[in-house]
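# Descriptive analysis of the structure
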Amino acid sequence: MTKVLSSHTSVMACRLLHEAGRLGDGLALLDERGAEFIEVHSSWFSSNRIWLLDETGRHEEALAYAGTLPPDMYGLTVSKAWILDEMGRVEEDLALLRADTEVRPSEAAELLIRHGRAARDQAVSVGSP
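Residues numbered from 1 in each chain as written. Predicted model: local features only at pLDDT ≥ 70, side-chain atom pairs only at ≥ 80, totals over all residues. Heavy atoms only, no water.

## Let's talk about the layout of surface pockets
To keep it simple, the criterion reads: Cavities and pockets were defined on a 1 Å grid built over protein atoms only: a cavity is a set of grid points that admits a 1.4 Å probe from which the probe cannot escape, a pocket is an open set flanked by protein on both sides within 12 Å along at least five of seven lines, and lining residues are those with an atom within 4 Å of any such point. Grid points are joined across faces, edges and corners, and a volume is the space filled by probe spheres set on the points. Helix and strand labels come from DSSP, where a helix needs a run of H or I of at least four residues and a strand needs a run of E of at least two; each type is numbered from the N terminus. Under this grouping Gly is polar, as are all residues other than the nonpolar Ala, Val, Leu, Ile, Met, Phe, Trp, Tyr, Cys and Pro and the charged Asp, Glu, Lys and Arg.
Quantified by volume, the largest pocket comes out at close to 280 Å³. The wall of the largest pocket is formed by 14 residues, among which Tyr74, Gly75, Val78, Glu102 and Val103 lie closest to the centre. Residue contributions to the lining of the largest pocket peak at 4 residues, all from helix α6 (residues 76-86). Residue classes in the lining of the largest pocket are distributed as 6 nonpolar, 3 polar and 5 charged.

Structure, rendered in structure tokens:
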């Protein structure tokens, strides 16, 4: 019961710190977690660490950390794509999204729309209804 409560408390504290605008404190809380917590909650830990690094403007560090993770981790490609987009590296972002067969085709289309390129970029396949 203590481990579940500890995990739940960490998750909630991280969310509350983010909502309060204390991104650095949320990141510090994550980085204080022990190996057992990280092993049990590896996907949650990794995706939230990437997200908080990105939110604090530490884009290069977020990409570097993402590069240490298993490439088949759920959501990793999309997380990396958002970081590249934040950095203005749209072509790399687009290439990453297009290369991953597990990513929804609409992810690339949404990127193009955000950058006003949907009408002129015919290479996007958004699938059929």
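Let us keep going from here.
## A short note on empty space enclosed by the protein
Counted under the stated rule, the structure contains 1 cavity of 30 Å³ or more. Taken as a whole, the largest cavity holds about 50 Å³ of empty space. Around the largest cavity, the lining residues are Val78, Ala81, Trp82, Asp93, Leu97, Glu107, Leu111 and Arg114. Where the lining of the largest cavity is concerned, the elements lending two or more residues are α6, α7 (90-99) and α8 (105-114).

## Description of the nonpolar core
Put simply, the test is: Put simply, a nonpolar core is a bunch of buried Ala, Val, Leu, Ile, Met, Phe, Trp, Tyr and Cys residues held in one set by side-chain atoms that sit within 4.5 Å of each other. Relative accessibility under 20% of the residue-type maximum defines a buried residue, over 50% an exposed one, and the middle range a partly exposed one, all with a 1.4 Å probe and only protein chains included.
Counting 20 residues, the largest nonpolar core has Ile50, Leu52, Tyr65, Leu69 and Leu76 as the members making the most contacts within it. Listing elements by their share of this core, those giving two or more residues are α1 (2-19), α2 (23-31), α4 (42-55), α5 (59-66) and α6. With 8 residues, the next largest nonpolar core counts Ala81, Leu97, Leu111 and Leu112 among its residues.

## Section: the packing of aromatic side chains
For the record, the criterion: Note on aromatic pairs: the rings of Phe, Tyr and Trp (six-membered ring only in Trp) are paired at centre separations within 6.5 Å, and the planes decide the class, stacked below 30 degrees, edge-to-face beyond 60, tilted for the rest. Ring-over charges, as used throughout, are those where CZ of Arg or NZ of Lys falls within 6 Å of the ring centre and within 35 degrees of the ring normal.
In total, this model carries 1 aromatic pair according to the counting rule given. When the ring of Phe37 is compared with that of Trp44, the centres are 6.1 Å apart and the planes differ by 85 degrees; the resulting orientation is edge-to-face. Lying across the ring of Tyr65, Arg49 places its NZ or CZ 4.7 Å from the centre.

## Section: the pattern of salt bridges
Rules: A pairing counts as a salt bridge when a side-chain nitrogen of Lys or Arg comes within 4 Å of a carboxyl oxygen of Asp or Glu.
In the structure shown here, the tally under the stated rule is 9 salt bridges. A salt bridge links Glu107 to Arg104, with the shortest nitrogen-to-oxygen separation between them at 2.5 Å. Judged by relative accessible area, which is 46%, Arg104 ranks as partly exposed.

## What about α5?
What counts is decided by this rule: The arc in question is formed by the directions pointing from the helix axis toward the C-beta atoms. Residues count as neighbours in contact if any of their non-hydrogen atoms are within 4.5 Å of one another.
Every buried residue of α5 is accounted for by His59, Ala62, Leu63, Tyr65 and Ala66. When α5 is viewed along its axis, its buried side chains cluster within an angular range of 160 degrees and face the same direction. As for α5, its buried residues are in contact with α4 and α6.

## A short note on α4
The line we're drawing: Each helix should span, by expectation, one fewer than its residue count multiplied by 1.5 Å.
Taking 1.5 Å per residue as the helical rise, α4 with its 14 residues ought to reach 20 Å, and the 20 Å between its terminal C-alpha atoms agrees with that figure. Listing the buried residues of α4 in full gives Phe45, Ser46, Asn48, Arg49, Ile50, Leu52, Leu53 and Asp54. Phi turns positive, to about 85 degrees, at Gly57, one or two residues after α4.

## Describing the side chain of Arg49
Formally: Pairing of N or O atoms within 3.5 Å defines a polar contact, subject to two protein rules: one partner must be a possible hydrogen donor and the other a possible acceptor, and residues neighboring in sequence count only if both atoms are side-chain atoms.
Mapped onto the secondary structure, Arg49 falls in helix α4. Reaching out from Arg49, the side chain makes a polar contact with the side chain of Asp31 at a distance of 2.6 Å.

In short, shape yes, function no, at least from these values alone.
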